[in-house]
Each structure stands twice: as structure tokens, then as C-alpha cells.
Amino acid sequence: MTIKRYENNGLRKDGEKSVPTICRLQVTERRDEGMNNNSGNDKTMTIHDVARELGVSASTVSRAISGKGRIGAATRDRILDYIEEHGFYPNAAAQSLAQSKTNNIAIILPEVNTLVDMPFFHTCMYGVEEVAQANDYDIIVVTTNGNDTKPLERLIQNRKVDGMILTRTYENDKYVKFLKQKQIPFVAVGKFPDDDVVQVDHDNVGACKELVTVLFAKGIQNIAYLGSNMDQMVNRCRYQGYEEAYRKGKRKLNQDLVYTDLSNKAMVEKAVEELKKSGVECILCQDDYICDEVVRKLARMGVRIPDQMKVASCHYSRILENYPVTITSLKFNITELGRRSCQVLLDEKQIRLEVEEHGEVFQMDLDLMTDVVINPVSYTHLRAHGLRRISYA
């Protein structure tokens, strides 16, 4: 395993020599029942006022509040007790200004119709939000078409966020180029052909290669591939795994069995009809959305799965969960992918973990993977290319 470290661009934590963490406190004086409580008691107090009352310096008050820097335990406790007694609390806006922080992270999602069709993005977002909240960050959700940079420009110009997470990457990614140019900290969920970009991803190449290899080992001779939008890096990686499995098995790939431009339901259905006439034994689907359309079409055609046609998917999700037929699929821990992406973005040092095998570069560590469930054929405890286990029913 090769570990490469990249310096953060001041995203999260300040060093001890940075500006004071808190520059102002918002104070509300609380009075017990029975005491005078005249209106107009709410007021703004600075750390200098607190320092004057306690006979310490303003920087000492700042260190006590932030927990950073050297300060005696007794002094810290005295300051914090005084703050709690008088109901003082940090002014978030002033704190953000002093630290040049917003405590917001933007998660960039694809257009809404894709979000409805593909649960991957919802699940990934849950993981991001979980880590963000644990670190006192909020997330701003931005849906885009992958081409228009204006939503990102507004966030940057208005200083809305400290960093961004791209949940989809493209071969020629406008957002990646834009964010690099603006020097905004960001993490890409997905592989990207630029080592300067911090990336977090599963090993889609290796997983798909292993899946197809296993299907070959079960005696399946002809495996078709149904995909779409090869500009997306995840789709290119999955198809690459499919091709590598053919090369590994020294098999000739019949291009008549490959569809990589299926942009709508009608095109998927037409491809299924053609493949059924060709006598193909198995259809490998690029993702759960295409697989769903394939299964529905085969059902309308009266084709039994897996007796008359075997179906596999490079990605498992809840879409495939309730089918009465057996679908061979790869299952990844998407929530953990979101968690790791957010944590990498928030870390003082942005770290890219690279696992290099057979010329491939895979991001993050092996523990990012969870069980890979492949039905109905089976192996156990296979860790090749980051897979913790392949199990079969």
C-alpha cells in the first residue's frame, strides 16, 4: 500500500499560531425567579468584557473557549464556569469570520431524476451528513447537470462553504477543473485520471472483473454488457473490469453483445430483445437502474430468470432487493463511502490511500468494502482487489 499525503488548504482546524478562535461572545443574562428581570437584559459582550471581569487577558479567554493553546486547568475552569453562570455562548457568525470558516460543506449531486432512480446518492449523502454533524458541520445539497458551474460559483463567491464533495465524476470533469482553478478543497467520490485530485472510491474495476471471472468459472460462455454514458468514470471502470475479465480468460469479446449507449428505457428494452434472439446466456448490467429495466422486460417477455436467462448487476441496491428472482450483484457499503469522503475532506491533512495492484490505482483502504453478495453461484472469503468476501447462495 502506498500512502500519499496532500496538504489541506486551511479547511478545518487552525494551528496554535492562527487567529483567535472566538472574537466575540453573544450573551444573554439569565436571572432567577424572584429577582429583578427588567426588559432589555439581552446584550452583546466581547471576550474583552469577560477578560476584564475575571482579570485575565482576552487571549486567555479565547484559549479557554476554544480548548486550544496553553492554559492552566484552574484558569480554564474559572473562565468556563463564569461563562456558563452568566449564560454566555459563542457568536457563531463572529467565530466563522475570525476563523475564515463557514462550517458548511456542499455535497454536489446529479440531477433530480437520477436521484429518484438511483438510491446510491441518497445513501452516500447519509454517510456524509453523519460525519459532518459529528464535526459541527452542516451540509448544503446542490443538484446539478454536471456541466453548469454557476451553482458552484455562487457558493464560492458568497463564501457559503469550506469545501465540496463531488458524488459523480466524469472523464473530462468541468467541476474538477473549476474547483482546482479556484483552489477550493474538495473530494471526488469516484475515480478520476488526475493524481492531484483527492479521490475516495470502491474498486469497481477489480470487482466487475472478478464478477465476470466467476460467471465464466460457472460455465457461462457468452456474457453481454448493457451500459450507458461512458463519460461517467464509474461506468468506464465497470466496463473496464468486464473487458479485463475477457482478457484474463483469454476469451474473444463479441462486440455485438456490448451496449454502452443505452440512454433511456426504450433502448434498454430493444437491447434485451436483440440479446434474447442472439442466444446470449447472461446479461451483465452496468448498474441497478438498467438491471431493473432488464428484469422487467424479461418478465414481460415471459423469460424465466435464471433458468432461461441469467442476469447480473455491477451494483446492488434496494431496487433489486424485493425481486422474486435471483440477481447476481455486487454490494458495496455506500454509507461508509460517504463517511470516508467527508472525513477526508475535514481532516487536517487530506490523505489519499492508494492500493496499487496490476497497474491499477484504487482509492482508500480495504476496509471500505463490505460483503460482496453474488447469487446464485459462490466462493467465500475472497479479498482480491479490495473485496472482503464474495458469498453465494
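The structure this text deals with has already been given above.
From a predicted model like this one, the values you see are computed outputs, not experimental measurements.

Rules and cut-offs
- Residues numbered from 1 in each chain as written.
- Predicted model: local features only at pLDDT ≥ 70, side-chain atom pairs only at ≥ 80, totals over all residues.
- Heavy atoms only, no water.
- Helix = DSSP H or I, 4+ residues; strand = E, 2+ residues; numbered from the N terminus.
- Buried < 20%, exposed > 50% of the residue type's maximum accessible area, 1.4 Å probe, protein only.
- Contact = heavy atoms within 4.5 Å.
- Areas by Shrake-Rupley, 256 points an atom, 1.4 Å probe, with all protein chains shown as cover.
- Core = buried A, V, L, I, M, F, W, Y, C linked by side-chain atoms within 4.5 Å.
- Pairing = 2+ DSSP bridges.
- Salt bridge = Lys/Arg side-chain N within 4 Å of Asp/Glu carboxyl O.
- Axes fitted to C-alpha atoms, helices over the stretch in contact; angles between N-to-C directions.
- Left-handed = near helix turned anticlockwise from the far one by under 90°.
- Nonpolar A, V, L, I, M, F, W, Y, C, P; charged D, E, K, R; others polar.

Summing up its helical and strand segments, the protein chain has 13 helices and 18 strands in all. Within the span of the protein chain, comprising 393 residues, buried residues form 51% of the whole. In the protein chain, once contacts between residues fewer than 6 apart in sequence are set aside, the share between residues at least 24 apart is 65%. Roughly 19,500 Å² of accessible area belongs to the protein chain as shown, and the carbon and sulfur atoms make up 44% of that amount.

A separate point is the nonpolar core. Nonpolar side chains tend to gather and get buried jointly when the protein is soluble and globular. Ranked by internal contacts, the top residues of the largest apolar core, which has 45 residues, are Ile-223, Tyr-242, Leu-284 and Cys-342. For this core, the secondary structure elements donating two or more residues are strand 5 (104-109), helix 6 (120-134), strand 8 (186-189), helix 9 (204-217), strand 10 (223-226), helix 10 (233-248), strand 12 (282-285) and helix 13 (334-346). No other element matches the seven residues that helix 6 contributes to this core. Beyond its immediate sequence surroundings of up to four residues, Leu-284 is in contact with Leu-211, Val-212, Ile-223, Ala-224, Tyr-225, Leu-226, Tyr-242, Ala-312, Ser-313 and Cys-314. Within the second largest apolar cluster, 24 residues are counted, among which are Leu-262, Val-280, Ile-290 and Ile-327.

Strand order in the open sheet made by the five strands is 6-5-7-8-9, with parallel pairing throughout. Sheet topology places strand 6 (138-143) and strand 9 (199-200) at the edges, where each strand pairs with a single neighbour. Two strands pair when backbone bridges link them, and strand 5 and strand 6 are joined in this way by six bridges, in the parallel orientation. Bridge pairing in strand 6 places Ile-105 opposite Ile-139.

Turning our eyes to something else, we now look at the pattern of salt bridges. For the structure on display, the rule yields eleven salt bridges. Across the pair Glu-171 and Arg-236 runs a salt bridge, and its minimum N-O distance is 3.3 Å. Here Arg-236 lies in helix 10 and Glu-171 lies in the loop between strand 7 (163-166) and helix 8 (174-182), a separation of 65 residues in the sequence. Across the pair Arg-300 and Glu-269 runs a salt bridge, and its minimum N-O distance is 2.4 Å. Here Arg-300, found in helix 12 (residues 288-300), pairs with Glu-269, found in helix 11 (residues 265-278); they are 31 residues apart in sequence, far enough to count as distant.

This next bit is on helix 2 (residues 58-66). Of the residues making up helix 2, those classed as buried are Ala-58, Thr-60, Val-61, Ser-62 and Ala-64. The elements touched by buried residues of helix 2 are helix 1 (47-54) and helix 3 (73-85). Backbone geometry just downstream of helix 2 places Gly-67 in the positive-phi region, at approximately 80 degrees.

Right, let's talk about the packing of helix 1 against helix 3 for a bit. Packing of helix 1 against helix 3 brings their axes to within 11 Å, and their N-to-C directions diverge by 115 degrees. Seen along the crossing, helix 1 lies across helix 3 with a hand that is right-handed. Between helix 1, through Val-50, Glu-53 and Leu-54, and helix 3, the contact on the second element is made entirely by Arg-78, Ile-79 and Tyr-82. Of the residues contributing to the contact of helix 1 with helix 3, the split by class is four nonpolar, no polar and two charged.

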